[in-house]
Amino acid sequence: MLRWRVAALIVATALAWLLAALSQPASAQVFAPKVDTIDLPPNVDVFNLSFDEVKKYSAMQNFELLGHTYFKIPERTAFARGQGRPGGELGSGFNTVRVYDGIAYLGGHNSPPTLFGILIADVRDPRNIKPLSFIPCNPGTRCNYLRVNRQKKILMFTHDYDGRDNPTKLPAGEKTKSGTSFYDVSNLAKPKELGFVSAVPDGKTHGLDADDRYAYVCAQYSSELNREGLQIIDYGDPNAPKLISTWHVPGQRKGEQYGPLNRYGPDGKPQVVQCHEIVAYNDRLYLAWRDAGSLVLDIKDRSAPRLLATYDYVPPFHGGNLGAAHTAMPVVTRVGEHPDILIHTDEIFDCPPGFGRILDVSDLKNPEVIRGERPANMQLLSTFRLAHVSDVFDPQKRQFICDGGGAGGRSAASTHLPWQDQRSPSLVYITWYDEGVRAMDISNPFAPTFVGHFLSPRFAAPGRNDRQTREIFQDPDTGLLYLTDGNGGGLMVLRHTGPIPDRLPIPGGR
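Below you will find a few notes about this structure. Worth saying up front: this structure is predicted, and the values here are computed from it rather than measured.

### Let's talk about the overall build of the chain
Helices and strands together make up the secondary structure of the chain, namely four helices and 32 strands. Compactness check: the chain gives a C-alpha radius of gyration of 22 Å against a globular reference of 24 Å for 510 residues, within 12% of the reference. For the chain, long-range pairs separated by at least 24 residues make up 56% of all intrachain contacts whose partners lie at least 6 apart in sequence. In the form shown here, the chain has an accessible surface area of approximately 20800 Å², with 52% of it arising from carbon and sulfur atoms. For the chain, the centre of its 55 positive side-chain charges and the centre of its 55 negative side-chain charges are spaced 1 Å apart.

Set out below in structure tokens:
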């Protein structure tokens, strides 16, 4: 009798989820409300605020600010220190942040040019954050992206050719040493380089991810490749990491032809097709590949990655000069199981600006897909964007017409990085450049709702008027959130204080 009751309960629950899903539209457009901070009084330097002033001039709902530091460290560039330009000094700008065991690893940001290297800091006391050591990027490169193997104490990060403002210059005629570095960080005061895997000299690199043995890196690994592809690196012996396989979208290598969807945008210009960000989970890679969209690779055999699915939306949309896709994040509901849904963000600084999508990827669980008998389907469930940004398509001109502030306004409206809260898979944080970080409840992925926000003071560097909230990370031990600012505003430590969704997201339909 008990087994029958349990079975009946399971069936009833499944039917309830199914009915909820079927009651929703095929895809919905969800809008984040307009929020802004209190303007600073005249003659107040936004790069010289006390902690209490940072709190005062921030806007927050369901967030608490626990700590902030500008990191006005000596390794900053002359630009950040205010040399040779009007105005005061800036703090450090950062992109990626990871925090384990009370230690933060931060990748310096290069636009505006403030810091070219990796900073390691003690963040155990959010009100008394202390720099511990600094690793410079290779001469002439930037190194914005990093990952950490917590157990093995290995730091890995990429060096990209686009480091023209790096104060450590290359000798005349030399090319950059682009690629991926592996460091021993067991001694936090003295990180030690262990190994390096090259990209081509003057090569492009970008995001990466890693598991206990392999690193998955966006890198231009061949002179025959026009932009970043995928490198899979075995760092089981970190003193001798080795490249074991590569993968690229057909058309990226010289002599190849792009497929029809990857040739031109709706404006007739060539698309930007490159590996941008990677999330590794459960023997699969979830990749944002700029104008090629979301891709999923099977990597059970690391030596032979296999494409499982794509979601390509360029055209009808276009990605501007950078390309569209920023991050494709699987929403993990049960550890060890493949996800049903995916959060996908854009980084389009054009018209229409980038926005977020929630995709159904449950078809990837189908045995036919797993065996490679047919490609998987991804289905759009909903989109999310800012309420105050609008666009209209002109059928005569065959282009979108935007309002709301020109290029700067559109840039501010672009989505950036999603992060899933460890307490509930239905709570997601989205960084949004000038619109700070937003909390979103995705328990109904057909109609997600915005449930909180944090906007720092507008740390606007000279020549900019927008906030540059970049990436967010949740400490797996404390649950605290670490938020980076790219303009020189340093690092903020937050706590989410809002309600935690108590149900899993409605699963995918297949």
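### A word on the pattern of salt bridges
Going through the model one piece at a time under the given rule, you end up with 26 salt bridges. The salt bridge involving Asp421 is made with Arg423; its shortest N-O contact spans 2.9 Å. Salt bridges sharing common partners tie together Asp101, Arg150, Lys153 and Asp477.

### Points about the state of the cysteines
Applying the stated criterion across every chain, the model contains two disulfides. Here Cys137 connects covalently by a disulfide to Cys143, the sulfurs 2.0 Å from one another. Looking along the S-S bond of the Cys137-Cys143 disulfide, the torsion reads about -85 degrees, which is the left-handed sense. A single burial state applies to Cys137 and to Cys143, both of which are buried.

### Re the side chain of His453
Relative to the elements of secondary structure, His453 occurs in strand S29 (residues 449-455). If near-sequence neighbours (up to four positions away) are discounted, His453 is found in contact with Val35, Ala59, Met60, Gln61, Phe63, Val437 and Arg438.

### Concerning the sheet that holds strand S21 (residues 341-346)
Read from one edge of the open sheet, five strands run S1-S23-S22-S21-S20, paired in mixed fashion. Where the open sheet ends on each side, the last strands, each with one partner, are strand S1 (28-32) and strand S20 (325-330). Strand after strand, the sheet turns through a mean of 20 degrees between neighbouring axes, direction not considered. Across five bridges, S20 lies against S21 in antiparallel orientation. Within the sheet, the bridge partner assigned to Ala325 lies in S21 and is Asp346.

The rules behind each value
Residues numbered from 1 in each chain as written. Predicted model: local features only at pLDDT ≥ 70, side-chain atom pairs only at ≥ 80, totals over all residues. Heavy atoms only, no water. Helix = DSSP H or I, 4+ residues; strand = E, 2+ residues; numbered from the N terminus. Rg over C-alpha atoms; globule rule 2.2 N^0.38 Å. Contact = heavy atoms within 4.5 Å. Areas by Shrake-Rupley, 256 points an atom, 1.4 Å probe, with all protein chains shown as cover. Lys, Arg positive; Asp, Glu negative; His and termini not counted. Charge placed at Lys NZ, Arg CZ, Asp CG, Glu CD. Salt bridge = Lys/Arg side-chain N within 4 Å of Asp/Glu carboxyl O. Disulfide = S-S within 2.5 Å. Buried < 20%, exposed > 50% of the residue type's maximum accessible area, 1.4 Å probe, protein only. Pairing = 2+ DSSP bridges. Axes fitted to C-alpha atoms, helices over the stretch in contact; angles between N-to-C directions.

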